[in-house]
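Descriptive analysis of the structure
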Amino acid sequence: MAKESKPGEPKANLIEIPHSVAVRQLADLLQVSAIDIIKQLMRNGIFANINQVVDYETAAAVAVNLGYEAHPEPRAARIGGSKRYRPQEEELSGLRPCPPVVTIMGHVNHGKTRLLDAIRQTNVMATEAGGITQHIGAYQVEVNGQKITFLDTPGHEAFTAMRARGAQVTDITILVVAADDGVMPQTLEAIDHAQAAGVPIVVAINKIDKPDANPEIVKQQLADAGLLIEEWGGDVVCVPISAKEKTGISELLENLLVVAEMEDLKANPSRPAVGAVIEAELDKSKGPLATVLIQTGTLRLSDTVVVGGTWGRVRAMFNDMGKRVRKAEPAMPVELLGLDSVPQAGDTLTSVADEHQARALIQKRQQEVQQQPSLVPKAVSLENLFDQISAGQVKELNVILKADVQGSIEPIRSSLGQLATEQVQVRIIHSGSGNITESDVMLAIASKGLIIGFGTGIEAGARRLADVEGVDIRSYDVIYHLVDDVDKALKGMLEPTYVEVIDGRAEVRAIFSSGRREKVAGVYVTEGKVSRGASARVWRGEQIVCESVVSSLRRFKDDVKEATSGYECGVGIKDFTDFEIGDILELFTKEKAS
């Protein structure tokens with residue numbers, strides 16, 4: 001007879017286990033998380049995912065390790081038992097488990113690069129002593145017979161830049177936090193960027209070898225930031241390491257495999273290859289080179305590929321050790337030769353049948369790019385928000401919030417959170433104090449969100465990038481105005497805003513009488529164009545002496561609709577005759593902000 005259990009413990013130590021059982025089912029039977037079961041199996045040298053079926057002996061060994069007395073379930077009770085898991089395996093017959101792709105993030109000087117080096121060096125020593133690793137932007141390591149791919153581009157900026165270009169290549173993020181420094185602003189940014197992408201986070205508390213290391217404080221700070229580690233009852237894996245001393249590296253790698261099993265990562269190696277460009281360059285002797293991460297399918301020598309706006313035939317491929325390879329399977333990074341020109345990082349690689357199909361695909365992509373601005377907004381703006389909600393395109397408004405001081409963020413966050421409707425939620429995916437940066441704009445592009453600044457500035461680079469990519473940046477100094485604008489946008493009541501576009505400038509070089517007490521300026525168009533009906537300002541030095549519209553436009557004796565740069569013409573301005581030689585006409589139009 002089983003002894004009674006204490007509150008929180010299993011109801012009894014005796015457990016009946018079917019002849020075969022899936023990992024998820026075993027976790028339910030033993031009243032533990034599936035991740036605990038996977039860890040126990042890994043300790044016994046078995047690598048199984050959450051849906052995989054194990055036999056009774058294997059399951060019983062796990063149960064015993066967790067403090068149970070295991071017995072086989074009576075045959076009558078297990079008829080049909082776990083057969084319900086097999087159809088799924090048959091349906092997914094074309095899919096195979098593939099290595100996880102990992103990116104490392106964290107605050108500056110917390111050890112991201114050193115950790116990458118430690119992992120690489122450990123792997124080289126374990127597999128090919130004396131081997132020279134070729135830097136191709138990514139590399140693979142092998143742990144207990146399973147591979148892990150690391151992107152050698154540490155930092156959330158690189159991670160989000162890839163997402164912003166349409167390449168979602170990361171499966172797991174390692175968040176490096178220094179045990180002697182704790183959670184810092186860039187740590188919080190990295191958390192927000194990873195969570196916005198929906199990528200699971202594994203925490204590596206680094207520098208535990210330092211005398212002033214305090215991992216417990218770091219765990220508390222992580223909890224305050226919304227990351228609750230397993231030890232504290234959460235679901236975030238946390239591993240103490242020292243990249244300098246190379247301690248804890250093996251445990252970190254093993255935990256990455258556990259998380260990968262939980263994610264159940266699969267790809268079909270039998271189909272034509274699809275991948276993403278990690279980095280690319282023009283080599284003086286080899287020509288265009290591209291480092292590509294294969295995401296599904298298998299890439300082979302002599303395959304014809306389209307990469308972004310270029311194409312080619314794969315003449316050679318090299319792995320991260322600089323060795324020639326004949327094929328690249330899912331999650332494998334390779335450097336390839338044979339492209340016509342250098343692609344961009346984030347471009348998609350697609351394997352096609354022949355040159356004819358390659359050219360047709362490139363043409364299709366070019367047409368999509370040309371149509372994209374009019375068909376699909378790159379990012380949501382307050383002006384188009386209601387239209388997109390009505391069309392069912394937006395169910396969540398992603399907001400990046402930057403304020404002058406940290407104390408302003410919480411009341412704004414709280415106020416915006418209360419604006420949610422049945423159709424759309426308002427989600428603050430990142431907040432912080434300080435100016436709006438390029439990193440903020442990248443996150444807005446990747447998340448199809450908008451940026452709200454409160455009492456803060458916009459860095460020049462961020463403004464340029466936002467203008468190019470169509471990201472909506474709103475600046476406010478009064479919380480009420482900020483909240484009111486978002487509220488009106490959600491309800492479709494926001495008044496449209498207009499931006500001014502300078503169409504051209506012209507210099508007054510002569511003044512003529514038109515005969516009816518009116519004067520016309522003889523001008524030389526210095527840039528852009530002058531159009532009849534366009535809005536116009538007359539500048540005299542640094543002062544505006546008139547703002548009106550172009551009422552007449554003539555070249556020689558002919559009325560014309562416009563005159564372009566490098567030509568002379570006669571311009572009449574409505575309700576203005578007081579021209580002086582040297583005045584500058586500035587022609588502009590106002591367009592509705594997109």
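Look up: the structure comes first, before these words.
Rules and cut-offs
Residues numbered from 1 in each chain as written. Predicted model: local features only at pLDDT ≥ 70, side-chain atom pairs only at ≥ 80, totals over all residues. Heavy atoms only, no water. Pairing = 2+ DSSP bridges. Helix = DSSP H or I, 4+ residues; strand = E, 2+ residues; numbered from the N terminus. Axes fitted to C-alpha atoms, helices over the stretch in contact; angles between N-to-C directions. Phe/Tyr/Trp six-rings, centres within 6.5 Å; stacked < 30°, edge-to-face > 60°. Buried < 20%, exposed > 50% of the residue type's maximum accessible area, 1.4 Å probe, protein only. Parallel < 35°, antiparallel > 145°, perpendicular 65-115°, else oblique. Left-handed = near helix turned anticlockwise from the far one by under 90°. Contact = heavy atoms within 4.5 Å. Nonpolar A, V, L, I, M, F, W, Y, C, P; charged D, E, K, R; others polar.

1. As for the sheet that holds strand β22 (residues 425-433)
Taken in spatial order, the 4 strands of this open sheet run β22-β21-β23-β24, and their pairing is parallel. On the outer flanks of this sheet lie β22 and β24 (473-476), each paired with one strand and no other. Neighbour-to-neighbour, the strand axes of the sheet open up by a mean angle of 25 degrees, direction not taken into account. Of the strand pairs in this sheet, strand β23 (residues 450-454) and β24 are connected by 4 bridges, and their pairing is parallel. Its bridge partner lying in β24, Ile451 is registered against Ile473.

2. Concerning the packing of aromatic side chains
Across all of its chains, the model carries 2 aromatic pairs by this definition. Relative to Phe150, the ring of Tyr139 lies with its centre 5.7 Å away and its plane at 25 degrees, an arrangement referred to as stacked. In this pair, Tyr139 sits in strand β7 (residues 138-143) while Phe150 sits in strand β8 (residues 146-151), placing the two residues 11 residues apart along the sequence. Each member of the pair, Tyr139 as well as Phe150, carries the same accessibility label: buried. A ring pair is formed by Phe576 and Phe579, whose centres lie 5.1 Å apart and whose planes are at 90 degrees; its orientation type is edge-to-face. We note that Phe576, like Phe579, is buried.

3. With respect to the packing of helix α13 (residues 438-447) against helix α14 (residues 460-469)
Where α13 meets α14, the axes come as close as 8 Å, and the angle between the chain directions of the two elements is 20 degrees. Classified by the angle their axes make, α13 and α14 are roughly parallel. In this structure, α13 crosses over α14, and the sense of that crossing is right-handed. On α14, the residues touching Glu438, Val441, Met442 and Ile445 of α13 are Gly461, Ala462, Leu465, Ala466 and Glu469. Grouping the amino acids of the contact of α13 with α14 by side-chain chemistry returns 6 nonpolar, 1 polar and 2 charged.

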